[in-house]
Amino acid sequence: MSIKTIDTEEQASFAETALKLGGKSDDEARRTGAIDAADDQVERLFAPQYQTVNSPAHRAVWDRGVPVELFQSEPVATPPAVQAVMDASIAVVRRHRDAGTLHNSEAKIADQVLADLGASGYWGLLVDQEFGGAGTPFAAFAAFLTRMATVDPTIAGLASVHGCIGAVDPVRTFGNDEQRQRFLPGLASGERLSAFALTEPGAGSDLTALKTTAVRDGDHYIVNGEKLFITNVVPGRTIGLVCLIEGKPAVLVVELPREENEHFQLRKYGLYALKHTYNRGIVFRDFRVPAENLLSAPRGDGLTIAYHGLNLGRIALCANAAGTMRIMLAGMIPWANFRQTYGQPIARRELVRRRMGQLAGLITGCDALVAWCSTLIDRGYRGEMECIVAKIFGSEAQKHAAIELFMKTHGGRSFLHGHPFGDNVHEYLAPCIYEGEGEMLAMGFFKSLVKDHGKTFFEPIGKTLAAKGIKKPNPFNPAHAWALRGVVTPYIKWTAARRLTRTPRPALPPMPGALRQHAEFASSELQRMALEISGTMSKFQLALADR
Ligand SMILES: Cc1cc2nc3c(=O)[nH]c(=O)nc-3n(C[C@H](O)[C@H](O)[C@H](O)COP(=O)(O)OP(=O)(O)OC[C@H]3O[C@@H](n4cnc5c(N)ncnc54)[C@H](O)[C@@H]3O)c2cc1C
């Protein structure tokens, strides 16, 4: 595992410094900066060569030359014992599907299916062998999720809820020996399935607005608050609960009672998406959790722990989209061959062929992103930017495929009861929202992309301007030029070097000519972006941090 345990001095985050320099109140700067600081803490958990500045997406823009080798994924190696677990799990789902026993009377995945999957080892795929799991490399797990999603996307999604964002990843990565010993065997066998409880009625995108608290009382924490939209939560689950302890985000592993009581209740509502799994609000009133269930990150706080699992969840989401879109394509091809208009199957029309080709392209794109990101994770990279790309691409591709390609090709029949489009339209759209709404994540991506450049070149300029009391710098004002000379020179040098030196050609591996042209185009655009992004930062300055 690549998690470092060395602690060093805490620093104000880039966003906090930028907002303060921009004249925001200390409180606003601190609240917004808290999210950025949590991100900084996650960063420092990784050895320097695996941090964001050394990740392929970052280097492709800011390095001189695209590091092509970091864009290549390795073939997935699945150990035979793990393959056996995967095959057995697929067989369980197929058997129940064929027997019509996949769902219970509420149309949710039936308990017997969850138990049979437990017996086959499904829930322990990501748990280490010493705790009864299969110890699956993440790349093999992610590729398998696509396969499972072609049989049942909900069951594939539950593996991610349990293994990535639920309790498995936080306990594996941040639990102490005693916590791993106590929780992982039950999570591996499926005796305790898990969920992830972060969102609250007043805190979704805005994680500084969390209100659920845990207050120490002897050898327990007393939890009060409300969670919303929690997937896979029913009584008896083990959840990773994000709450505030002494005002700071923390993660408690909470073993929910087998029945609701005065301290713990589930809030039920109708939800269109994820219709085959339970999704509930949770209300805690003076709910006691043993103090030894508190997870502790070597640096940072509970958001550090939450972000780690969310990263993996984003790859899993893309893998699920790749499987779900395969189901769409498998439905489109026979229909397009069968349906005739003007005396010809619609499959012969360029319009329809283009749709099928585009869908195949989106599937291939998702497969490639899943393989690339999960290879990076297995190599020890943080991979935050790459995982965001996978999440946004996977969810947007699935939405586009569902509406523009699948629905349109099936015409009016898409809306008949029993048609996969009409029956699943909310399933196709919801990934754009959960695990971080896509456009919000895109802003997070941009922040990660510009952070180092901003810290290196713009932060010193901002600090100098603030120290000298210069509100509007004017390069023709000799006093301003003199005040800034030391901090502006490195930026001028960087810009000049970037403009004046030739961009190295990417060292691409052998590939067909048409593909090579695409790869060369992508490389040169990524390299060109450095100056464009830097120019945007220079133009909008602190207003960028204020978005
Ligand atoms: C099917 C489903 C399953 C889910 N499962 C879980 C789960 O298991 N566990 C869990 O904890 N949560 C879960 N969620 C919650 C989900 O993660 C949140 O819905 C999501 O993070 C968005 O939060 P929100 O709905 O409160 O949107 P809001 O925070 O209200 O945001 C709405 C929109 O406002 C805009 N916006 C907000 N802030 C800004 C800003 N600063 N700048 C610009 N625009 C902004 C964005 O477009 C944003 O999408 C689930 C949700 C769904 C629908």
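Residues numbered from 1 in each chain as written. Predicted model: local features only at pLDDT ≥ 70, side-chain atom pairs only at ≥ 80, totals over all residues. Heavy atoms only, no water.

Enquirer: Looking at this model, I keep getting lost on the nonpolar core. Mind explaining?
Expert: One broad trend across soluble globular proteins is that nonpolar side chains are buried collectively. Tyr122, Leu125, Phe138, Ile155, Met325 and Leu359 are the most contacted members of the largest nonpolar core, which has 105 residues in total. Per element, the largest residue contribution to this core is 18 residues, and it comes from helix α10 (residues 302–338). Of the domains in this structure, domain 1 (14–70 + 440–543) and domain 2 (75–436) are the two that each give at least three residues to this core. If we skip the residues at most four places from it in the chain, Leu359 touches Met325, Met328, Leu329, Met332, Ala401 and Leu405. Grouped together as the second largest cluster of nonpolar side chains are 22 residues, Ala195, Ala197, Tyr221 and Leu256 included. (Core = buried A, V, L, I, M, F, W, Y, C linked by side-chain atoms within 4.5 Å. Buried < 20%, exposed > 50% of the residue type's maximum accessible area, 1.4 Å probe, protein only. Helix = DSSP H or I, 4+ residues; strand = E, 2+ residues; numbered from the N terminus. Domains from an automatic or database assignment. Contact = heavy atoms within 4.5 Å.)

Enquirer: Explain the pattern of salt bridges to me, please; I cannot follow it from the model alone.
Expert: Two side chains carrying opposite charge are able to pair once their charged atoms lie near each other. Enumeration over the complete set of coordinates arrives at 19 salt bridges. Among the ionic pairs, Arg379 bridges to Glu74, the shortest N-O distance being 3.2 Å. Here Arg379, found in helix α11 (residues 350–379), pairs with Glu74, found in the loop between α3 (56–62) and α4 (80–99); they are 305 residues apart in sequence, far enough to count as distant. Look at Glu74 and you get partly exposed, because its relative accessible area is 46%. (Salt bridge = Lys/Arg side-chain N within 4 Å of Asp/Glu carboxyl O.)

Enquirer: What exactly am I supposed to notice about the packing of aromatic side chains here?
Expert: Aromatic ring pairs are described here by two measures, namely the spacing of the ring centres and the angle between the planes. Considering all chains together, one arrives at 18 aromatic pairs under this definition. Measuring from centroid to centroid gives 4.9 Å for Tyr122 and Trp123, while their planes differ by 70°, and the two rings are edge-to-face. Both residues of the pair, Tyr122 and Trp123, count as buried. Both rings, one in Phe457 and one in Tyr491, keep their centres 5.7 Å apart while their planes meet at 55°; by these two values the pair is tilted. (Phe/Tyr/Trp six-rings, centres within 6.5 Å; stacked < 30°, edge-to-face > 60°.)

Enquirer: What should I look at first to understand helix α14 (residues 438–468) in this one?
Expert: Each turn of an α-helix holds 3.6 residues, which means side chains three or four residues apart point in the same direction. The sharpest bend along α14 reaches about 55° and sits at Gly454. Capping of α14 at its N-terminal end is provided by Glu437; its side-chain oxygen lies 3.1 Å from the backbone amide nitrogen of Glu439. Two residues or fewer after α14 comes Gly469, characterised by a positive phi angle close to 70°. (Bend = angle between axes of the 7 residues up to and from the residue. Polar contact = N/O pair within 3.5 Å; in protein donor to acceptor, adjacent residues only side chain to side chain.)

Enquirer: Explain the environment of Asn232 to me, please; I cannot follow it from the model alone.
Expert: Relative to the assigned elements, Asn232 resides in the loop between β3 (220–231) and β4 (238–245). For the pair Asn232 and Asn279, spaced 47 residues apart in the sequence, the C-alpha separation amounts to 5.7 Å. Once residues within four sequence positions are removed from consideration, Asn232 is found in contact with Leu158, Val161, Leu193, Ser194, Ala195, Arg237, Thr277 and Tyr278. Polar contacts involving the side chain of Asn232 include one to the main-chain carbonyl oxygen of Ser194, which spans 2.9 Å.

Enquirer: Is there a simple way to explain the pairing of β3 in this structure?
Expert: Two faces make up the sheet, and in a regular strand the side chains alternate between them. Sheet topology note: the strand β2 (residues 213–217)/β3 ladder contains five bridges and is antiparallel. Within the sheet, the bridge partner assigned to Ala214 lies in β3 and is Val223. In this structure, the hairpin formed by β2 and β3 is closed by a connection of two residues, where Gly218 is found at a positive phi of approximately 65°. Direction of pairing for β3 relative to strand β7 (residues 279–290): antiparallel, over a ladder of nine bridges. Directly across from Glu226, in β7, lies its bridge partner Val283. (Pairing = 2+ DSSP bridges.)

Enquirer: Looking at this structure, I do not really get the site of the ligand. What am I missing?
Expert: Close to the ligand lie 17 residues; Phe196, Thr199, Ser205, Phe229 and Thr231 are nearest. Measuring from a nitrogen atom of the ligand, one finds a side-chain N or O atom of Thr199 at 2.6 Å. Glu437 places a polar side-chain atom, nitrogen or oxygen, 3.1 Å from an oxygen atom of the ligand. Notes on the ligand: free accessible area 980 Å², of which the protein chains cover 64%. Elements with a minimum of two residues in the shell around the ligand: β3 and α14. Class assignment of the residues belonging to the shell around the ligand gives a composition of 10 nonpolar, five polar and two charged. (Near = heavy atom within 4 Å. Areas by Shrake-Rupley, 256 points an atom, 1.4 Å probe, with all protein chains shown as cover. Nonpolar A, V, L, I, M, F, W, Y, C, P; charged D, E, K, R; others polar.)

Enquirer: What exactly am I supposed to notice about the environment of Lys447 here?
Expert: Turning to its location among the elements, Lys447 is positioned in helix α14. With 97 residues separating them along the chain, Lys447 and Leu544 place their C-alpha atoms 9.1 Å apart. Discounting chain neighbours no more than four positions away, the residues touching Lys447 are Asp36 and Asp39.

Enquirer: Would you mind showing me how to read the domain arrangement of the protein here?
Expert: Frequently, the measure chosen for interface size is the accessible area removed from exposure when the parts meet. What the domain assignment lists for the protein is domain 1 (14–70 + 440–543) and domain 2 (75–436). The gap between the C-alpha centroids of domain 1 and domain 2 is 33 Å. Interface of domain 1 and domain 2: buried area, both sides summed, is about 2500 Å²; carbon and sulfur atoms make up 68% of it. Considering only the side of domain 1, the residues that lose the most area to domain 2 are Leu45, Tyr50 and Leu441, jointly responsible for 25% of the buried surface there. Here domain 1 and domain 2 share one salt bridge between them. Residues Glu43 and Arg382 are paired through a salt bridge, measuring 2.7 Å at the closest nitrogen-oxygen approach. (Buried area = accessible area lost by both parts, 1.4 Å probe.)

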